[in-house]
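# Geometric and topological summary
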Amino acid sequence: MEKIMSTANSLITLNNGIDMPALGLGVFLASSEQTADAVETAIARGYRLIDTAAAYNNERQVGEGIRRSGIARGEIFITTKLWVADYGHESTRPAFEASLRRLGLDYIDLYLLHWPMPKDFEATVASYKVAEKLLAKGRARAIGVSNFQPQHLENLIGQTDVVPAVNQIELNPYFIEQAVCEANKRYGIVTQSWSPIGGVYDRSQTTSVPTRPLDNPVIGKLASRYRKTPAQIILRWHLDHGFSAIPKSVTPSRIAENFDVFDFVLAPGEIVAIDALDTGIRAGSDPETFDRNSYPITIDN
Ligand code: NDP
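Residues numbered from 1 in each chain as written. Predicted model: local features only at pLDDT ≥ 70, side-chain atom pairs only at ≥ 80, totals over all residues. Heavy atoms only, no water.

All right, on to the packing of aromatic side chains then. Across all of its chains, the model carries eleven aromatic pairs by this definition. Pairing Phe 28 with Tyr 56 gives two aromatic rings, centres 4.9 Å apart and planes at 35°, and the pair type is tilted. Remark: Tyr 56 occurs in the loop between strand E4 (49–51) and helix H2 (59–69) and Phe 28 occurs in the loop between strand E3 (25–26) and helix H1 (32–45); sequence separation between them is 28 residues. Taking the centre distance of 5.9 Å and the plane angle of 90° together, the rings of Trp 83 and Phe 290 count as edge-to-face. (Phe/Tyr/Trp six-rings, centres within 6.5 Å; stacked < 30°, edge-to-face > 60°. Helix = DSSP H or I, 4+ residues; strand = E, 2+ residues; numbered from the N terminus.)

Here it is, written out as structure tokens:
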């Protein structure tokens, strides 16, 4: 049977009706020197979704890259995130305005709460309620969360009015977070994969996972079969699952490579074979214990 393919980035419709490009560029750990160039290169290559955060300290350079691209603001989907140190009723709005000022924008497409803060969930909820107001005023086109586990989603949704549009979570072939994906689906929340090709393993203390997903032989075999690279196979796997993915690269050739995934699809059995690589081992921080002191980040205003 012939497979349906498109060479254009696919769009995902969020639960409030707005469209988000499925594949975007992440800029965590992109230095301020690298970020504007990476964003400009990505947009020239066809990317229309850029994922940053106040805590990445590169919102200014993301804004610069967007302006340099020459592409109209309305055609680019910008995500940024509220850092946990700014959680609470009073501090959320100023932190949002500071992100806008650094980006040089007058609205955000998707505004996320960066982590749940289980030890102070009241502050987490207070911030989300402010985000709801920003949504109502059109300052954000969609709002959502990141790193929320099913219990955090349930707790938040029970106390607020707007179901998050997106939950951005650690997700790659070695860590599938099935319970979170299922909860997202139940609530109509789009799952967005961070560290989609497994970049987190390069900076993690996790020693029980011996190789990176990019070096896995199952992925390698599929790469040979499709004449694609391991990164492209993994990104296609995210898209074929219906996830959004935001691979980070500051290398022009990899930025192009990671976007060249719209001319093939994986067969159902191949998707299942990649699913089977799940180790169940998280390489990033544990959302259950995350709080203000986990990373004492100073945001450069
Ligand atoms: P990724 O899985 O995107 O991997 C990035 C790493 O892989 C970089 O070292 C990059 O190197 C390298 N790389 C990129 N493309 C290729 C390729 N085609 N072949 C080989 N290597 C490649 O990991 P990240 O952790 O950066 O996650 C992506 C994005 O997710 C972040 O940038 C951020 O936007 C978001 N994120 C969100 C978090 C959250 O808590 N919400 C947490 C962590 C990330 P190079 O740049 O040198 O090319």
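After presenting the structure, the write-up continues.
Turning our attention to the pattern of salt bridges. Taken as a whole, this structure holds 18 salt bridges when the rule is applied. Where Arg 139 meets Glu 97, a salt bridge forms, and the shortest distance between an N and an O atom there is 2.9 Å. Note that Arg 139 is positioned in the loop between helix H4 (121–136) and strand E7 (140–146) and Glu 97 in helix H3 (residues 89–103), a separation of 42 residues in sequence. Through salt bridges that share partners, Asp 37, Glu 40, Glu 64 and Arg 68 make up one connected network. (Salt bridge = Lys/Arg side-chain N within 4 Å of Asp/Glu carboxyl O.)

Burial within strand E8 (residues 166–170) is extensive, with five of its five residues counted as buried. Pairing of E7 with E8, which is carried by two bridges, proceeds in the parallel orientation. Counted as the bridge partner of Val 145 is Asn 167 from E8. Crossover connection from E7 via helix H5 (residues 150–157) to parallel E8: handedness right-handed. In this fold, the crossover linking E8 to strand E9 (residues 190–194) by way of helix H6 (residues 178–187) has right-handed handedness. (Buried < 20%, exposed > 50% of the residue type's maximum accessible area, 1.4 Å probe, protein only. Pairing = 2+ DSSP bridges. Right-handed = clockwise from strand over helix to strand, strands pointing away.)

Now for H2. Turning to H2, its buried residues number three or more, namely Glu 59, Gln 61, Val 62, Gly 63, Gly 65 and Ile 66. Buried residues along H2 sit against H1, E4, strand E5 (77–82) and H3. Where H2 terminates, the next one or two residues include Gly 70, which has phi positive at roughly 80°. (Contact = heavy atoms within 4.5 Å.)

Moving on, we get to the site of the ligand. The local shell around the ligand holds 29 residues, among which Asp 51, Ser 195, Lys 248, Ser 249 and Thr 251 are the closest. At 3.1 Å from an oxygen atom of the ligand is found a main-chain nitrogen or oxygen belonging to Gly 198. Calculation on the ligand without its partners gives an accessible area of 910 Å², and the protein chains cover 88% of this total. At three residues, helix H9 (residues 252–259) tops the list of elements feeding residues into the shell around the ligand. When the residues that make up the shell around the ligand are grouped by side-chain class, the tally is twelve nonpolar, eleven polar and six charged. (Near = heavy atom within 4 Å. Polar contact = N/O pair within 3.5 Å; in protein donor to acceptor, adjacent residues only side chain to side chain. Areas by Shrake-Rupley, 256 points an atom, 1.4 Å probe, with all protein chains shown as cover. Nonpolar A, V, L, I, M, F, W, Y, C, P; charged D, E, K, R; others polar.)

Of all residues in the chain, 97% have pLDDT values of 70 or greater, and the mean over the chain is 95. Low pLDDT, under 50, characterises residues 1–7; the predicted model gives this stretch 13 contacts beyond four residues in sequence or across chains. (pLDDT = per-residue confidence, 0-100.)

Glancing now at the packing of H3 against H4. Relative to each other, H3 and H4 sit at 45°, their axes nearing to 8 Å. As summarised for this structure, H3 and H4 are arranged oblique, according to the angle between their axes. The handedness of the crossing between H3 and H4 is right-handed. Residue-level contacts link His 89, Thr 92, Arg 93 and Phe 96 of H3 to Ala 126, Ser 127, Val 130 and Leu 134 of H4. Each residue belonging to the contact of H3 with H4 can be placed in one class, and the counts come to four nonpolar, three polar and one charged. (Axes fitted to C-alpha atoms, helices over the stretch in contact; angles between N-to-C directions. Parallel < 35°, antiparallel > 145°, perpendicular 65-115°, else oblique. Left-handed = near helix turned anticlockwise from the far one by under 90°.)

Moving on: the nonpolar core. Residues Leu 14 and Leu 25 are the most contacted members of the largest nonpolar core, which totals 98 residues. Per-element accounting of this core gives the leading share, eight residues, to H4. (Core = buried A, V, L, I, M, F, W, Y, C linked by side-chain atoms within 4.5 Å.)

Now for the side chain of Asn 172. Looking at the element boundaries, Asn 172 is found in the loop between E8 and H6. Residue Asn 172 is classed as buried on the basis of its relative accessible area, which comes to 0%. Here the side chain of Asn 172 touches Tyr 174 through a polar contact of 2.7 Å, landing on its backbone nitrogen. Setting aside its immediate chain neighbours within four residues, Asn 172 contacts Ser 195, Pro 196, Gly 198, Val 200, Tyr 201, Pro 213, Trp 237 and His 238.

Outside of glycine, negative phi angles account for most residues, and trans bonds account for most peptide bonds. One non-glycine residue, Glu 177, lies in positive phi territory at about 50°. Among the secondary structure elements, Glu 177 is positioned in the loop between E8 and H6. Judged by its relative accessible area of 8%, Glu 177 is buried. Positive phi outside glycine occurs at Ser 195, with the angle close to 50°. By the secondary structure assignment, Ser 195 is in the loop between E9 and helix H7 (217–226). Overall, the relative accessible area of 12% leaves Ser 195 in the buried class.

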